[in-house]
Amino acid sequence: MDWQRLLVSYFVGFVLLNVLLGLMAYMTWFERRVLARMQHRVGPNRTGPFGLLQPIADGIKLLAKEDIVPANADRLVFLVAPLLSFALAPLGAAVIPFGESLHLFGLEIPLLVADINVAVLYVLALGSIGVYGIILGGYASGNRYSLLGALRSTAQVISYELVLGLSLVGVFILAGSFSLQDILREQQRVLVIGPLTLPNWYILSQPLAFALFLIAAVAETNRAPFDLPEAETELVAGYFTEYSGFRFSFYFLAEYINMIVVSLLAGTLFVGGIDGPFADGVWWLALKALFFLFFYVWLRATLPRFRYDQLMGLAWKVLLPLALLNIGLTGLVRLWGIGAL
Amino acid sequence: MSLVDYAVIGLLVLTSTVMGTVLILVGHFVRPRKPTPAKLQPYESGVPDVNPPRGRITPRFYLVALLFVVFDVEAIFIYPWAVAFDALALYGFLQAALFVGILLIGLLYEWRKGALEWV
């Protein structure tokens with residue numbers, strides 16, 4: 001095994017993990033400020049300039065709150081479940097390419113933590129394992145609301161995961177690879193259609209897949225308008241009703257980190273990732289991800305929550321057939337493109 | 001692409017788990033701990049809980065789980081075909097279409113039978 005490469009990659013991964021945690025903290029600030037502006041309020045602006053110290057104050061407050069374990073909870077599972085959600089959330093970012101390798105101090109520092117050839121599959125698998133944190137936490141709480149919230153959440157996440165997975169098949173057909181590195185390289189080529197010169201971003205060739213991915217990603221991260229599991233008018237706080245203090249914040253952290261990872265993924269898969277005009281680089285990916293994060297907040301401010309039967313109906317009766325249709329169409333066009341039809 | 005990349009992911013799993021545990025442990029020295037019987041009751045809108053909390057569950061959820069397994073396996077079979085699409089060309093496409101078609105008939109059947117209705 002190449003120990004030096006392992007060490008350097010691990011170091012980059014460690015930095016990425018901490019950057020994600022910091023970004024997540026400021027995502028809460030960003031969401032509260034933007035949401036406040038959309039509702040003609042001011043939002044948190046007292047703690048530090050523009051309220052910038054608010055996330056830190058929140059963190060300290062949560063750390064100092066009592067950690068209540070209900071009397072009839074399944075103690076061990078109750079304590080471990082939020083940790084499971086939290087520990088898995090940031091790992092998806094490990095396969096996202098943030099740029100070409102840097103050369104510093106005679107070392108080659110990759111801006112991609114783990115270059116595995118099944119990168120997208122790995123991210124989807126992480127999403128599946130993340131469900132365990134929800135269902136175990138809800139089940140172990142020994143509370144009706146928690147259990148119902150967990151069941152709803154699980155049913156929702158697995159239904160939309162299917163749509164998420166199938167919407168990407170079109171991209172796989174075009175790129176011929178699961179590796180985000182390859183998918184990115186494919187998108188960095190230039191597309192010339194008559195007088196037009198366009199980037200080969202998959203949002204142009206896979207618009208339906210992009211729309212499906214975006215909808216499924218919002219549902220997958222349990223965000224409005226798909227935040228049924230935590231519909232406070234029906235289920236109190238859903239699967240984390242009984243959680244308090246820092247264990248509660250683990251679920252919160254996981255949700256926001258998932259949002260960031262999904263935004264990075266959407267940026268890399270459909271709109272060219274680090275590819276952009278003038279100079280390619282991590283700033284383009286950051287800008288694209290920021291747009292998707294803004295989109296999340298925007299949705300939350302605009303749309304009312306779905307009813308549960310509408311939610312499941314949408315996944316199985318509309319999005320799933322559309323995803324299959326997209327695969328068929330992409331396949332036919334590709335067959336024609338490679339001259340096999 | 002090598003074992004190193006997977007080793008890094010393994011190390012990162014360990015790291016994030018340790019980070020979470022450390023956060024909980026740090027909190028252990030800061031936070032108060034004053035459990036009272038009332039505080040440890042499950043939240044039930046202020047009334048005593050009568051029914052067992054892990055009681056019966058609607059069979060709808062089991063149906064969704066079953067459907068999910070069927071279509072997730074479908075997705076897993078489709079993925080390798082999608083990646084090798086150019087090499088398999090028309091023959092592969094027809095085979096995949098047949099496979100998806102059979103499952104699509106299944107989906108339509110479930111639809112007609114009301115397995116997708118959520119009442």
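Quick caveat, the model's predicted, so the values are computed rather than measured.

Considering the overall build of chain A
For step 1, the next point in the chain: Within chain A one finds 13 helices and four strands.
For step 2, the next point in the chain: Against the globule reference of 20 Å for 341 residues, chain A gives a C-alpha radius of gyration of 21 Å, in line with a compact fold.
For step 3, the next point in the chain: Viewed in the frame of its principal axes, chain A has a C-alpha envelope of about 65 × 55 × 50 Å.
For step 4, the next point in the chain: A buried classification covers 57% of the 341 residues belonging to chain A.
For step 5, the next point in the chain: Taking as baseline every contact in chain A between residues at least 6 positions apart, the subset at least 24 positions apart corresponds to 74%.
For step 6, the next point in the chain: Taken as two groups, the 21 positive and 22 negative side-chain charges of chain A have centres that lie 8 Å from each other.

Let's talk about the packing of aromatic side chains
All names here are of chain A.
For step 1, the next point in the chain: This structure, assessed with the given rule, holds 21 aromatic pairs over all chains.
For step 2, the next point in the chain: Measuring from ring centre to ring centre gives 6.3 Å for tyrosine 10 and phenylalanine 14, while their planes differ by 35°; the resulting arrangement is tilted. Here tyrosine 10 and its partner phenylalanine 14 are both found in helix 1 (residues 3–38), four residues apart, which amounts to about one turn of the helix.
For step 3, the next point in the chain: Here the aromatic cluster, defined as three or more aromatic residues joined through ring pairs, consists of Phe210, Phe213, Phe270, Phe291 and Phe292.
For step 4, the next point in the chain: Lysine 288 extends its terminal NZ or CZ atom over the ring of tryptophan 201, reaching a point 4.2 Å from the ring centre.

Here's the deal with the environment of A:Leu166
Residue and element names in this part refer to chain A.
For step 1, the next point in the chain: The residue leucine 166 is located in helix 5 (residues 144–167) in this model.
For step 2, the next point in the chain: Assessed through its relative accessible area of 0%, leucine 166 is described here as buried.
For step 3, the next point in the chain: The spatial distance from the C-alpha of leucine 166 to the C-alpha of proline 321 is 10.0 Å, given a sequence separation of 155 residues.

Observations concerning the environment of A:Ala150
Residues and elements named next belong to chain A.
For step 1, the next point in the chain: Within the element layout of this structure, alanine 150 appears in helix 5.
For step 2, the next point in the chain: A relative accessible area of 0% means that alanine 150 is categorised as buried.
For step 3, the next point in the chain: In this structure, alanine 150 is in contact with Ile134, Ile135, Gly138 and Tyr239, ignoring residues within four places of it in sequence.

A short note on the confidence of the model for chain B
For step 1, the next point in the chain: Looking at chain B, the pLDDT average stands at 82 and 90% of residues meet or exceed 70.
For step 2, the next point in the chain: As scored by the predictor, the complex reaches a pTM of 0.88 and an ipTM of 0.83.

Comments concerning the pattern of salt bridges
Residue and element names in this part refer to chain A.
For step 1, the next point in the chain: Evaluation of the coordinates by the stated rule reveals nine salt bridges over all chains.
For step 2, the next point in the chain: Arginine 300 is the salt-bridge partner of glutamate 31, the closest N and O atoms lying 2.8 Å from each other. Residue glutamate 31 is found in helix 1, and its partner arginine 300 is found in helix 12 (residues 282–302); the two are separated by 269 residues along the sequence.
For step 3, the next point in the chain: With relative accessibility at 2%, the residue glutamate 31 sits in the buried group.
For step 4, the next point in the chain: A salt bridge links arginine 223 to glutamate 255; its shortest N-O distance comes to 3.4 Å. You can see arginine 223 sitting in the loop between helix 9 (207–220) and helix 10 (232–235) and its partner glutamate 255 sitting in helix 11 (residues 245–270), a full 32 residues away along the chain.
For step 5, the next point in the chain: Judged by its relative accessible area of 4%, arginine 223 is buried.

A short note on the nonpolar core
For step 1, the next point in the chain: Counting residues in hydrophobic clusters, the biggest one holds 125 residues, and the most contacted among them are A:Leu269, A:Trp316 and B:Trp81.
For step 2, the next point in the chain: Considering each element in turn, this core owes the most residues, 15 residues, to helix 11 of chain A.
For step 3, the next point in the chain: If we ignore the near neighbours within four places in the chain, the residues touching A:Trp316 are A:Ser159, A:Leu162, A:Pro321, B:Val64, B:Leu67, B:Phe68, B:Phe71, B:Leu107 and B:Leu116.
For step 4, the next point in the chain: Counting residues in hydrophobic clusters, the runner-up holds 11 residues, among them A:Ala73, A:Phe78, A:Ala150 and A:Tyr239.

What to know about the interface of chain B and chain A
For step 1, the next point in the chain: Of the residues lining the interface, 68 residues belong to chain B; the matching set on chain A comes to 83 residues.
For step 2, the next point in the chain: Where chain B meets chain A, there are two salt bridges.
For step 3, the next point in the chain: The tally of links from chain B across to chain A stands at six residue pairs in polar contact (both at pLDDT 80 or more).
For step 4, the next point in the chain: If you list the elements that add at least two residues to the side of chain B that touches chain A, you get helix 1 (3–30), helix 2 (60–83) and helix 3 (85–113) of chain B.
For step 5, the next point in the chain: Of all the elements, helix 1 of chain B adds the most residues to the side of chain B that touches chain A, at 21 residues.
For step 6, the next point in the chain: Residue classes in the side of chain B that touches chain A are distributed as 46 nonpolar, 10 polar and 12 charged.

Notes on unusual backbone geometry
Residue and element names in this part refer to chain A.
For step 1, the next point in the chain: Here histidine 40, not a glycine, exhibits a phi torsion of approximately 55°, which is positive.
For step 2, the next point in the chain: Considering the arrangement of structural elements, one finds histidine 40 in the loop between helix 1 and helix 2 (54–63).
For step 3, the next point in the chain: Residue class for histidine 40 comes out exposed when judged on its relative accessible area of 76%.
For step 4, the next point in the chain: Although it is not a glycine, phenylalanine 50 adopts a positive phi angle of roughly 55°.
For step 5, the next point in the chain: Here phenylalanine 50 falls in the exposed class, since its relative accessible area comes to 59%.

Section: the confidence of the model for chain A
For step 1, the next point in the chain: Summarising the model, chain A shows a mean pLDDT of 83, and 97% of its residues fall at 70 or more.
For step 2, the next point in the chain: Between the elements of chain A, mean pLDDT differs from a low of 66, seen in helix 10 of chain A, to a high of 89, seen in helix 9 of chain A.

A closer look at the packing of helix 9 of chain A against helix 13 (residues 308–337) of chain A
Residue and element names in this part refer to chain A.
For step 1, the next point in the chain: Between helix 9 and helix 13, the least distance of the axes is 10 Å, while the angle of their chain directions is 150°. Relative to helix 13, the crossing made by helix 9 is left-handed. Touching Leu208, Ala209, Leu212 and Ile215 of helix 9 are Leu319, Leu322, Ala323 and Asn326, all from helix 13.
For step 2, the next point in the chain: Residues belonging to the contact of helix 9 with helix 13 are distributed by class as follows: seven nonpolar, one polar and no charged.

Calculation rules
- Residue numbers restart at each chain and count upward from 1, following the sequence in its written direction.
- Each chain is given a letter, starting from A, and each ligand a number, starting from 1, according to the order in which they appear as written.
- Predicted model: local features are reported for residues with pLDDT of at least 70 only, side-chain atom pairs are reported and counted for 80 or more only, and whole-chain, interface and lining totals are derived from all residues.
- Only hydrogens and water are set aside when side-chain values are computed; all heavy atoms of the structure are taken into account.
- Runs of E in the DSSP output that reach at least two residues are strands. Runs of H or I that reach at least four are helices, and both are numbered from the N terminus.
- Within these notes, the globule rule equals 2.2 Å times the number of residues to the 0.38 power, and the radius of gyration is based on C-alpha atoms.
- Note on classification: 1.4 Å probe, protein chains only; a residue is buried when its accessible area is under 20% of the maximum for its type, exposed when over 50%, partly exposed between these limits.
- Throughout, a contact is declared for two residues whenever any of their heavy atoms are within 4.5 Å.
- The positive count covers Lys and Arg only, the negative count covers Asp and Glu only, and His and the chain ends enter neither.
- Note that the charge is assigned to NZ on lysines, CZ on arginines, CG on aspartates and CD on glutamates.
- Any two rings among Phe, Tyr and Trp, with Trp reduced to its six-membered ring, count as a pair given centres within 6.5 Å; such a pair is stacked if its planes are under 30 degrees apart, edge-to-face if over 60, and tilted if neither.
- To sit over a ring, a charge needs its Lys NZ or Arg CZ within 6 Å of the ring centre and within 35 degrees of the ring normal.
- Across the chain, each position has a pLDDT score giving the predictor's confidence in that residue, from 0 to 100.
- Salt bridge, as used here: a side-chain nitrogen of Lys or Arg that lies within 4 Å of a carboxyl oxygen of Asp or Glu.
- We define the nonpolar core as a collection of buried residues of types Ala, Val, Leu, Ile, Met, Phe, Trp, Tyr and Cys that are connected through side-chain atoms lying within 4.5 Å of one another.
- Pairing of N or O atoms within 3.5 Å defines a polar contact, subject to two protein rules: one partner must be a possible hydrogen donor and the other a possible acceptor, and residues neighboring in sequence count only if both atoms are side-chain atoms.
- Think of it as three bins: nonpolar holds Ala, Val, Leu, Ile, Met, Phe, Trp, Tyr, Cys and Pro, charged holds Asp, Glu, Lys and Arg, and polar takes everything else, Gly as well.
- Fitted lines through C-alpha atoms give the axes, limited to the stretch in contact for helices. The angle between two N-to-C directions lies from 0 to 180 degrees.
- Handedness of each helix crossing follows the sense of rotation of the near helix against the far helix: counterclockwise by less than a right angle gives left-handed, clockwise gives right-handed.

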